[in-house]
Amino acid sequence: FSNSLGFGKVPGRQNNFGGALGGPVQIPRIYNGKEKTFFFFSYEGLRLSLPQPTRAFSVPAACLHDNTALSPFMQALVNAFPLPNTNPGSCAAGANGRGTFTTSWSNYTNLDSFALRLDHNIGTKWNVFFRTNHSKSKGEIYNLGQLTRWPSETDTQTGGVTTRISASLYNSFRLNFSRNVAKS
């Protein structure tokens, strides 16, 4: 659809990448948590360019650009619009003085997300863990001649304790803090 008027395709791209690493916590000559303490770390990144369909906009006719008959204020206002590229419009008597500017674009989104989790076994009956996540994203959306940027950050921290009371009875406690900051 983006090439329906012969303007060429708008690039579209999605790059999704990341990795994870985990295992026992071992610090040589300081701490050996082979059977007790474990970590898990992950990262995910996203770079997205999402093409939008070709759109046509009404703009001042080509003959109104650099028109000496207009006041300086009106000339500045007319020149703030792009020149028509598919229909130049007309300034003849009875014409509406509008041309058509046709274009395509891509909206962009970037995301980076990090997670870290630590687990520790205290004896055979107690397990504690702590998990933290941080995600930062930003995007640019162009719609009806207006560019909107939206940065966002999300942070969560969760801690928990699990206790084995008997072979078939467990008690689990979780505590979480979450924060989301979005701007537009």
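Quick caveat, the model's predicted, so the values are computed rather than measured.

Points about the pattern of salt bridges
Then, in step 1: Taken as a whole, this structure holds four salt bridges when the rule is applied.
Then, in step 2: Residue D112 is joined to R47 by a salt bridge in which the shortest nitrogen-to-oxygen separation is 3.1 Å. Separated by 65 residues along the polypeptide, D112 in strand 7 (residues 106-122) and R47 in strand 4 (residues 37-51) bring together distant segments of the chain.
Then, in step 3: Judged by its relative accessible area of 22%, D112 falls in the partly exposed class.
Then, in step 4: Among the salt bridges present, the one from R117 reaches D119, with a minimum N-O distance of 2.7 Å.

Here we look at the confidence of the model for the protein
Then, in step 1: Model confidence for the protein is summarised by a mean pLDDT of 88, while 96% of its residues fall at 70 or above.
Then, in step 2: The lowest-confidence element of the protein is strand 9 (residues 146-149), averaging 81 in pLDDT; the highest-confidence one is strand 1 (residues 13-24), averaging 96.

Notes on the side chain of T102
Then, in step 1: For T102, the position within the fold is in strand 6 (residues 98-103).
Then, in step 2: According to the relative accessible area criterion, T102 is buried, its value standing at 3%.
Then, in step 3: A polar side-chain atom of T102 sits 3.0 Å from a polar atom in the side chain of T86.

Focus: unusual backbone geometry
Then, in step 1: Positive phi is not limited to glycine here, since R29 has a value of about 65°.
Then, in step 2: Along the polypeptide, R29 turns up in the loop between strand 2 (26-27) and strand 3 (31-32).

Digging into the state of the cysteines
Then, in step 1: Counted by the stated rule, this structure contains one disulfide.
Then, in step 2: Covalently, C63 is tied to C91 through a disulfide, its sulfur atoms 1.7 Å apart. Judged by the sign of its S-S torsion, about 95°, the cystine formed by C63 and C91 is right-handed. With a gap of 28 residues between them, C63 in the loop between strand 5 (55-60) and helix 1 (72-79) and C91 in the loop between helix 1 and strand 6 connect regions that are remote in the sequence.
Then, in step 3: Of the residues examined, C91 reaches a relative accessible area of 39% and is grouped as partly exposed.

Rules used in this analysis
Residues numbered from 1 in each chain as written. Predicted model: local features only at pLDDT ≥ 70, side-chain atom pairs only at ≥ 80, totals over all residues. Heavy atoms only, no water. Salt bridge = Lys/Arg side-chain N within 4 Å of Asp/Glu carboxyl O. Helix = DSSP H or I, 4+ residues; strand = E, 2+ residues; numbered from the N terminus. Buried < 20%, exposed > 50% of the residue type's maximum accessible area, 1.4 Å probe, protein only. pLDDT = per-residue confidence, 0-100. Polar contact = N/O pair within 3.5 Å; in protein donor to acceptor, adjacent residues only side chain to side chain. Disulfide = S-S within 2.5 Å.

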